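A structural walkthrough
Okay, here's what each chain looks like letter by letter:
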Amino acid sequence: MFGLGWPEVMIIGVVAVVIFGPKKIPEIGSALGKTLRGFKDEMNNPTSEAEESQTEQKDS
């Protein structure tokens, strides 16, 4: 996992809990998951809003 071993991952986890608190960690994980899922969907779907707006402008 990015060249990190389990000890490094545990240290990062402890630091995250200290900084954000245990109640905020699930919210951050959920937001990160949604962001990554949206990014993945956009990478798999080449049509974007910019391309659609260009198509609409050409039709006008």
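Residues numbered from 1 in each chain as written. Predicted model: local features only at pLDDT ≥ 70, side-chain atom pairs only at ≥ 80, totals over all residues. Heavy atoms only, no water.

1. Points about the overall build of the protein
Summing up its helical and strand segments, the protein has 3 helices and 0 strands in all. A buried classification covers 3% of the 60 residues belonging to the protein. Accessible surface computed for the protein: about 5700 Å², of which carbon and sulfur atoms make up 65%. (Helix = DSSP H or I, 4+ residues; strand = E, 2+ residues; numbered from the N terminus. Buried < 20%, exposed > 50% of the residue type's maximum accessible area, 1.4 Å probe, protein only. Areas by Shrake-Rupley, 256 points an atom, 1.4 Å probe, with all protein chains shown as cover.)

2. Describing helix H1 (residues 6–20)
Compared with an ideal rise of 1.5 Å per residue, which puts 15 residues at 21 Å, H1 spans 21 Å between its outermost C-alpha atoms and is within 8% of the ideal. Once H1 ends, the next one or two residues include glycine 21, with phi positive near 90°. (Expected span 1.5 Å × (residues − 1).)

3. Quick notes on a nonpolar patch on the surface
Among the surface-exposed residues, Ile11, Val14, Val15, Val17, Val18, Ile19, Phe20, Ile25 and Ile28 lie close enough to one another that they form a single nonpolar patch of about 800 Å² accessible area. Going through the elements one at a time, H1 and helix H2 (25–44) are the ones with two or more residues in the nonpolar patch. With 7 residues, H1 is the largest single contributor of residues to the nonpolar patch. Inspection of the secondary structure puts isoleucine 25 in helix H2. By relative accessible area, isoleucine 25 is classed as partly exposed at 30%. (Patch = residues over 30% accessible without salt bridge, like charges linked within 9 Å, V, L, I, M, F, W, Y side chains within 5 Å. Salt bridge = Lys/Arg side-chain N within 4 Å of Asp/Glu carboxyl O.)

4. A look at the pattern of salt bridges
When the charged atoms of two side chains with opposite charge come close together, those side chains can pair. The full count for this structure, using the stated rule, is 1 salt bridge. Residue lysine 24 pairs with glutamate 27 through a salt bridge whose shortest N-O separation is 3.4 Å. A relative accessible area of 42% means that lysine 24 is categorised as partly exposed. The class of glutamate 27 is partly exposed, set by a relative accessible area of 48%.

5. Side note on the environment of leucine 4
Within the element layout of this structure, leucine 4 appears in the segment before H1. When neighbours within four sequence positions are excluded, leucine 4 is seen to be in contact with Val9 and Ile12. (Contact = heavy atoms within 4.5 Å.)

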